[in-house]
Amino acid sequence: MLRVLQIVRLSSRCSSSFVSRMRFLNGLKQNDDVCSAALQDAHMFLFHRLSPLLQRNHQGTFRTAELRTSDVQSLLENLGSDRTLLQEAVLIGCTEQNQAQFCLDIGGLDQTAAEELCGGTFVDLRKSFFLLSGAEAPLVAKAQALLRWHQTNGFCSATGQPTHRNRAGSQRTCSSSGIIYYPKMSPVVIVLVSDGERCLLGRQATFPRGLYSALAGFCDMGETLEETLSREVAEEVGLEVQSFSFSSSQHWPFPQSSFMMACHASVSPAHAQLCVDHSELEDARWFSQQEVLSALQTPPPQRRRSPPHPLAPPKTRRRSSTHHRVDPEHQILNRLRRVH
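Rules used in this analysis
- Residues numbered from 1 in each chain as written.
- Predicted model: local features only at pLDDT ≥ 70, side-chain atom pairs only at ≥ 80, totals over all residues.
- Heavy atoms only, no water.
- Helix = DSSP H or I, 4+ residues; strand = E, 2+ residues; numbered from the N terminus.
- Buried < 20%, exposed > 50% of the residue type's maximum accessible area, 1.4 Å probe, protein only.
- Areas by Shrake-Rupley, 256 points an atom, 1.4 Å probe, with all protein chains shown as cover.
- Phe/Tyr/Trp six-rings, centres within 6.5 Å; stacked < 30°, edge-to-face > 60°.
- pLDDT = per-residue confidence, 0-100.
- Contact = heavy atoms within 4.5 Å.
- Patch = residues over 30% accessible without salt bridge, like charges linked within 9 Å, V, L, I, M, F, W, Y side chains within 5 Å.
- Salt bridge = Lys/Arg side-chain N within 4 Å of Asp/Glu carboxyl O.
- Disulfide = S-S within 2.5 Å.
- Expected span 1.5 Å × (residues − 1).
- Polar contact = N/O pair within 3.5 Å; in protein donor to acceptor, adjacent residues only side chain to side chain.
- Pairing = 2+ DSSP bridges.
- Core = buried A, V, L, I, M, F, W, Y, C linked by side-chain atoms within 4.5 Å.

**Here we look at the overall build of the chain**
Moving on, step 1. A count of helical and extended segments in the chain gives ten helices and 18 strands.
Moving on, step 2. In the chain, which comprises 340 residues, the proportion classed as buried is 49%.
Moving on, step 3. Summing over all exposed atoms, the chain offers an accessible surface of approximately 17800 Å²; the carbon and sulfur share of this is 49%.

Below is the structure:
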């Protein structure tokens with residue numbers, strides 16, 4: 001505990017609260033004893049088989065369950081589990097007051113009993129993303145991504161021997177070779193293509209009816225951002241990109257922890273004839289500014305409905321260093337409001 005206080009004092013001497021939090025978190029990742037001490041009085045985010053625990057407030061909206069370490073310890077005892085399960089908690093961040101935040105998956109315990117004791121519900125992450133607001137959604141996404149990574153990286157890919165995590169859960173080390181593994185994200189480019197007057201949107205067969213989205217694809221090994229963008233546009237719709245600009249980025253937990261980079265791209269109006277690869281997309285079309293604005297203002301469709309005009313994906317929110325902004329896809333679509 002003394003070491004925790006020393007880190008907090010060092011951090012408090014910094015003029016920036018952001019710098020203070022980052023140094024505090026880095027200290028927890030580097031020192032197992034300090035991290036263990038912080039876990040004794042931390043904010044806890046509970047999951048059950050990778051679904052986060054949410055609670056409904058008096059206004060009818062959802063938020064993550066507010067639990068402390070002592071609450072989780074009591075819960076584990078009431079569910080017939082010993083406190084050693086708490087050692088599987090993973091560090092995910094800290095509050096403005098440098099209070100450590102951890103997540104823990106209790107998928108081996110009774111879900112219904114846990115929900116009754118906590119007064120909440122374990123909700124699928126994709127649904128949770130649209131029920132939560134502010135900084136909670138990206139924090140829950142980060143937590144689930146780290147829990148999933150630990151569940152699927154228990155053995156070394158080189159030796160087949162077990163890997164062991166540090167206290168914070170920021171890395172795993174092979175017990176035989178000493179190889180260190182770190183959590184990874186798969187880079188993805190999502191791009192809004194324009195010919196100067198219209199924007200290009202596409203859809204896959206698995207999308208709800210009428211739902212169109214900006215084009216997206218994973219980066220191949222060795223590719224740059226611009227190479228991925230140009231390749232994906234060429235492959236999916238047969239167009240050659242003339243220029244592009246970066247818009248924003250975010251962690252995206254689907255399908256299994258991606259790093260999404262949003263861009264704008266321009267093509268020549270004289271060479272805007274689409275040649276859609278139907279093995280990649282069910283459909284792709286050019287849309288006017290008015291059509292996009294209408295889609296942004298319309299709720300996402302139900303699968304059984306056939307909407308009279310195309311619709312955009314639902315909006316989520318993400319965390320930025322100074323304020324909350326809409327997710328990259330809506331950010332690049334909203335930019336069309338400034339056209340003309």
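**Looking at the packing of aromatic side chains**
To describe a pair of aromatic rings, you give the distance between the ring centres and the angle between the ring planes.
Moving on, step 1. Within the structure shown, the criterion is met by five aromatic pairs.
Moving on, step 2. Plain terms: the ring middles of Phe129 and Phe130 are 6.5 Å apart, the flat faces sit at 90 degrees to each other, and that makes the pair edge-to-face.
Moving on, step 3. Classification of Phe129 by relative accessible area gives buried; the value is 4%.
Moving on, step 4. Ring geometry for Trp252 and Phe254: centres 5.2 Å apart, planes at 80 degrees, overall edge-to-face.

**Focus on the confidence of the model for the chain**
Moving on, step 1. Per-residue confidence for the chain gives a mean pLDDT of 87; residues scoring 70 or more make up 83%.
Moving on, step 2. Scored below 50 in pLDDT, residues 317-326 makes 27 contacts in the model with residues more than four places away or belonging to other chains.
Moving on, step 3. Confidence drops under a pLDDT of 50 for residues 336-340, and excluding neighbours within four residues, the segment shows eleven contacts in the predicted structure.

**Side note on a nonpolar patch on the surface**
Moving on, step 1. A cluster of nonpolar side chains, contributed by Phe18, Val19 and Met22, occupies part of the molecular surface with about 240 Å² of accessible area.
Moving on, step 2. Exposure remark for Met22: the relative accessible area of 36% places this residue in the partly exposed category.

**A look at the state of the cysteines**
Moving on, step 1. Going through the model one piece at a time under the given rule, you end up with zero disulfides.
Moving on, step 2. Cys263 takes part in no disulfide bond, and the closest cysteine sulfur to it belongs to Cys219, at a distance of 9.3 Å.

**A word on helix H8 (residues 225-237)**
Moving on, step 1. A rise of 1.5 Å per residue sets the reference length of H8, with its 13 residues, at 18 Å; its end C-alpha atoms lie 18 Å apart and thus fit the reference within 8%.
Moving on, step 2. Gly238 lies just past H8 and shows a positive phi near 70 degrees.

**Comments concerning helix H3 (residues 32-39)**
Moving on, step 1. Among the residues of H3, Val34, Cys35, Ala37, Ala38 and Leu39 are the ones counted as buried.
Moving on, step 2. Sitting at the amino-terminal end of H3 is Asn31, which places a side-chain oxygen 3.0 Å from the backbone nitrogen of Asp33.

**Focus on the pairing of strand E13 (residues 215-218)**
Moving on, step 1. A one-sided burial pattern is seen for E13, the buried positions being Leu215 and Gly217 and the unburied ones Ala216 and Phe218.
Moving on, step 2. Pairing of strand E11 (residues 186-194) with E13 involves four bridges; the strand directions are antiparallel. Bridge pairing in E13 places Ile190 opposite Ala216.

**Observations regarding the sheet that holds strand E10 (residues 180-181)**
Two pairing modes exist for strands in a sheet, parallel and antiparallel, and in both the strands are linked by backbone hydrogen bonds.
Moving on, step 1. In spatial order, the strands read E8-E9-E10; together these three strands make up an open sheet with antiparallel pairing. Each edge of the open sheet carries a strand with a single partner, namely strand E8 (163-165) and E10.

**Some thoughts on the nonpolar core**
Across soluble globular proteins, you tend to see nonpolar side chains buried next to one another.
Moving on, step 1. Residues Leu28, Met44, Leu46, Val72, Phe102, Leu104 and Ile106 are the most contacted members of the largest nonpolar core, which totals 31 residues.
Moving on, step 2. When contributions to this core are tallied by element, the ones reaching two or more residues are helix H2 (17-30), H3, strand E1 (43-48), helix H4 (69-78), strand E5 (90-94), strand E6 (100-105) and helix H5 (111-118).
Moving on, step 3. The dominant element in this core, judged by the number of residues it contributes, is H3, at four residues.
Moving on, step 4. For Met44, the residues in contact, after removing those within four places along its chain, are Leu39, Ala65, Leu67, Arg68, Thr69, Val72, Leu86, Ala89, Phe102 and Leu104.
Moving on, step 5. Phe45, Phe129, Met260 and Ala262 belong to the second largest nonpolar core, which has 25 residues in total.

**What to know about the environment of Glu223**
Moving on, step 1. Within the element layout of this structure, Glu223 appears in the loop between E13 and H8.
Moving on, step 2. Its relative accessible area of 21% is what places Glu223 among the partly exposed residues.
Moving on, step 3. Aside from chain neighbours lying at most four places away, what touches Glu223 is Thr228 and Arg231.
Moving on, step 4. Reaching out from Glu223, the side chain makes a polar contact with the side chain of Thr228 at a distance of 2.7 Å.
Moving on, step 5. Within the local environment of Glu223, its side chain forms a polar contact with the side chain of Arg231, the two groups lying 2.6 Å apart.

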